[in-house]
Every structure is written in C-alpha cells, then in structure tokens.
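Summary of the model geometry
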Amino acid sequence: MPDLFTLMPALEQVSHPLLNDRRIILVGVSAVLYDELAFTFEISRPRHWGRREDGTRVIGIGGIGGRIEPGESVLECLSREVREEIGVRFWLEPAGSTALIHDGQVAGWLDASENEGRPVPYMVSLLPPQLERPGRPDHLAIVSFRGVLRQEPRRGDLFGLLRIARAALEPFFGRTEWPLEEALALPGLAFDLASDLPSDAVLRPTLTGRAFQVLLEHTSAL
C-alpha cells in the first residue's frame with residue numbers, strides 16, 4: 001500500500017501532531033479544477049451512491065481523480081485521471097500552504113517546500129482506516145491539488161460532471177446537501193450526465209468535495 005510520505009516527500013519534514021510518527025496510507029489523488037467559466041466536479045457513479053432508510057439516493061460530488069496505480073507518481077496518476085475523466089490538460093497551481101482536513105475541520109496549515117519533482121498539494125484529507133486488523137494504519141489520506149484547465153472539459157470516463165460557476169460556489173457548498181430538484185434550479189450549475197439521476201435524490205459533497213466545502217467554510221479559499 002502506498003505510503004503518504006514516500007509518494008509525497010514534500011510532506012516528510014512538515015511538523016503536525018496528526019502526521020508526526022504516524023503511518024498514513026495514500027489512497028487517492030484528486031484535483032479541484034477550474035477555468036474562467038466554472039469549477040469542475042465529478043458526480044459519483046451509481047455503484048457509489050448511498051441510500052437512506054427512506055430509500056432516498058445520496059449522490060456524491062467530488063474532485064477529479066482516483067487511485068494511484070503501481071509504479072505511478074502522484075502527478076502521473078493525476079494527469080492520467082484528468083485525461084481519462086475530462087479529456088483535457090491542466091496547469092497545476094503552486095500551493096503556498098496546504099490545508100490539513102480532519103474530522104470535518106481544518107486541522108492546520110502545512111508549510112512544505114515545493115521543489116522540482118516534489119509537488120505540494122492544496123489539501124490533505126485524513127480519513128479513518130476502514131478495518132480493524134494487525135498493521136492498521138493511523139490514517140488514510142487523499143491529496144488534492146488545484147489547477148487551471150487549458151481547455152473546456154468534456155465528460156469522458158465518468159458517470160457525470162457538475163460545472164459550478166464561481167458565483168454559485170458558496171451557495172452550493174453552503175449547504176450539507178441539495179435535493180436534486182433544488183440543485184437543478186440553482187443558477188450557475190450545469191450537469192453533464194450519462195443517464196438521468198433519480199428525481200428524489202440528494203447531492204452531497206464527499207471526499208475532495210467535502211474537503212473543499214470545509215475549506216470554504218473556514219477561509220477565503222477562492
């Protein structure tokens with residue numbers, strides 16, 4: 001399993017109680033991507049939708065990205081995922097500091113040196129390990145970058161894309177979730193879907209989407 005500090009050496013020397021002397025497994029890399037028109041997010045695939053006791057479908061809104069394949073670097077993975085999912089190139093923005101997200105809060109800001117080949121992420125999201133077993137890591141992690149799209153994105157290997165205009169970011173992420181009917185009526189949102197969403201579904205930021213939401217709540221992240 002990929003170790004966070006092996007794949008992200010820029011974080012090795014960062015001091016924070018949640019990171020120091022901890023075993024952290026990097027489970028994914030993602031990006032918050034935007035252009036002059038809107039920010040681009042993934043609408044999760046049906047197999048990842050949740051269901052409440054009343055039958056309501058809960059559909060995740062997250063960043064563009066995925067799991068790192070054996071032998072890939074973090075940036076190689078991100079470039080591949082962006083190419084496969086939205087078919088464009090992007091320019092990675094330098095990160096002045098990195099937000100550490102844990103338990104739904106900004107747990108701190110990490111100052112890491114950005115050198116060639118040692119990228120610094122926009123956010124590091126720490127997640128609880130999934131199983132109780134010998135050798136269990138202290139945390140799982142997703143590293144997220146922020147980048148500028150060089151072309152208009154198109155839906156590739158995804159179920160759906162959600163484009164959110166800058167003016168609509170705070171209204172959309174200002175709520176924990178949105179009934180689909182209300183989201184469709186919110187100005188500044190554009191959907192590109194492989195098939196229709198259930199009419200009674202709710203949209204909820206998850207993983208990178210949730211981390212971005214937390215950052216918006218606590219900072220002027222735009």
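Everything in this summary refers to the structure shown in the same document. Along each chain, the written sequence defines residue order, and numbers are assigned to residues from 1. Given that the model is predicted, a residue must reach a pLDDT of at least 70 before its local features are reported, and side-chain atom pairs must reach 80 or more before they are shown or counted; all residues, however, enter totals for whole chains, interfaces and linings. Hydrogen atoms and water are omitted, and side-chain values are computed over all heavy atoms in the structure.

**Describing the packing of aromatic side chains**
Here is the rule we go by: Pairing of aromatic side chains requires ring centres within 6.5 Å, counting the rings of Phe and Tyr and the six-membered ring of Trp. Pairs whose planes differ by under 30 degrees are stacked, by over 60 edge-to-face, and all others tilted. The rule for a charge over a ring is simple: NZ of Lys or CZ of Arg within 6 Å of the ring centre, and within 35 degrees of the ring normal.
One pass over the full model with this rule turns up eight aromatic pairs. Aromatic side chains Phe-172 and Trp-178 sit 6.1 Å apart centroid to centroid with 5° between the ring planes, which places their arrangement in the stacked category. The rings of Tyr-34, Phe-39, Phe-41, Phe-172, Phe-173, Trp-178 and Phe-212 are connected pair by pair, giving a single aromatic cluster. The ring of Trp-178 carries the charged tip of Arg-175 above its face, separated from the ring centre by 3.9 Å.

**Here we look at helix H5 (residues 208–218)**
Note the following rule: A simple rule labels every residue: compare its accessible area, found with a 1.4 Å probe on the protein chains alone, to the largest value its type can have, and call it buried under 20%, exposed over 50%, or partly exposed in between. Numbering of helices and strands starts at the N terminus; helices are DSSP runs of H or I of at least 4 residues and strands are runs of E of at least 2.
With eight of eleven residues buried, H5 is to be regarded as a mostly interior element. Regarding H5, the residues found buried are Thr-208, Gly-209, Ala-211, Phe-212, Gln-213, Val-214, Leu-215 and Leu-216.

**Focus: the side chain of Ser-125**
What counts is decided by this rule: Whether two residues are in contact is decided by their heavy atoms: any pair within 4.5 Å suffices.
Structurally, Ser-125 is set in strand E9 (residues 123–127). For Ser-125, a relative accessible area of 5% puts it in the buried group. Not counting residues up to four positions away in its chain, the partners in contact with Ser-125 are Ile-101, Leu-140, Ala-141, Ile-142 and Ala-211.

**Examining the side chain of Ser-44**
Of note, Ser-44 is situated in the loop between strand E2 (38–43) and strand E3 (50–51). Excluding residues that lie within four positions of it along the chain, Ser-44 makes contacts with Trp-49, Ile-59, Gly-60 and Phe-159.

**Here's the deal with the pairing of strand E1 (residues 24–34)**
The cut-off we apply is this: Two strands are counted as paired when DSSP detects at least two bridges linking them.
With eleven of eleven residues buried, E1 is to be regarded as a mostly interior element. Here E1 pairs with strand E5 (residues 64–66) via three bridges, running antiparallel. Counted as the bridge partner of Val-29 is Gly-66 from E5. One ladder, built from two bridges, connects E1 with E2; its direction is antiparallel. Of the residues in E2, the one forming a bridge with Leu-33 is Thr-40. The antiparallel pairing of E1 with E2 creates a hairpin that spans three residues between the two strands.

**Points about the pattern of salt bridges**
Our working rule: Any carboxyl oxygen of Asp or Glu that lies within 4 Å of a side-chain nitrogen of Lys or Arg is treated as forming a salt bridge with it.
Summed over all chains, the structure comprises twelve salt bridges. Measuring nitrogen to oxygen at the nearest pair gives 3.2 Å for the salt bridge that ties Arg-45 to Asp-157. Highlighted residues: Arg-45 in the loop between E2 and E3 and Asp-157 in the loop between strand E10 (139–149) and strand E11 (160–165), separated in sequence by 112 residues. Under the relative-accessibility criterion, Asp-157 is labelled partly exposed at 42%. In this structure, Arg-204 engages Glu-177 in a salt bridge whose closest nitrogen and oxygen atoms are separated by 2.6 Å. Here Arg-204 is found in strand E14 (residues 202–205), whereas its partner Glu-177 is found in the loop between helix H3 (166–173) and strand E12 (178–179), with 27 residues between them in sequence. Sharing partners across several salt bridges, the network here consists of Glu-69, Glu-72, Arg-80, Glu-81 and Glu-84.

**Some points on the pairing of strand E7 (residues 98–102)**
In terms of burial, E7 is a largely internal element, five of the five residues being buried. Every second residue of E7 is oriented toward a common face, with Thr-98, Leu-100 and His-102 on one face and Ala-99 and Ile-101 on the other, all of them buried. Taking the residues between adjacent antiparallel strands as the criterion, E7 and strand E8 (residues 105–110) are bridged by two residues, where Asp-103 takes a positive phi near 55°. The sheet contact formed by E7 and E9 spans four bridges and is parallel. Looking at E9, one finds that His-102 is bridged to Leu-126.

In short, shape yes, function no, at least from these values alone.
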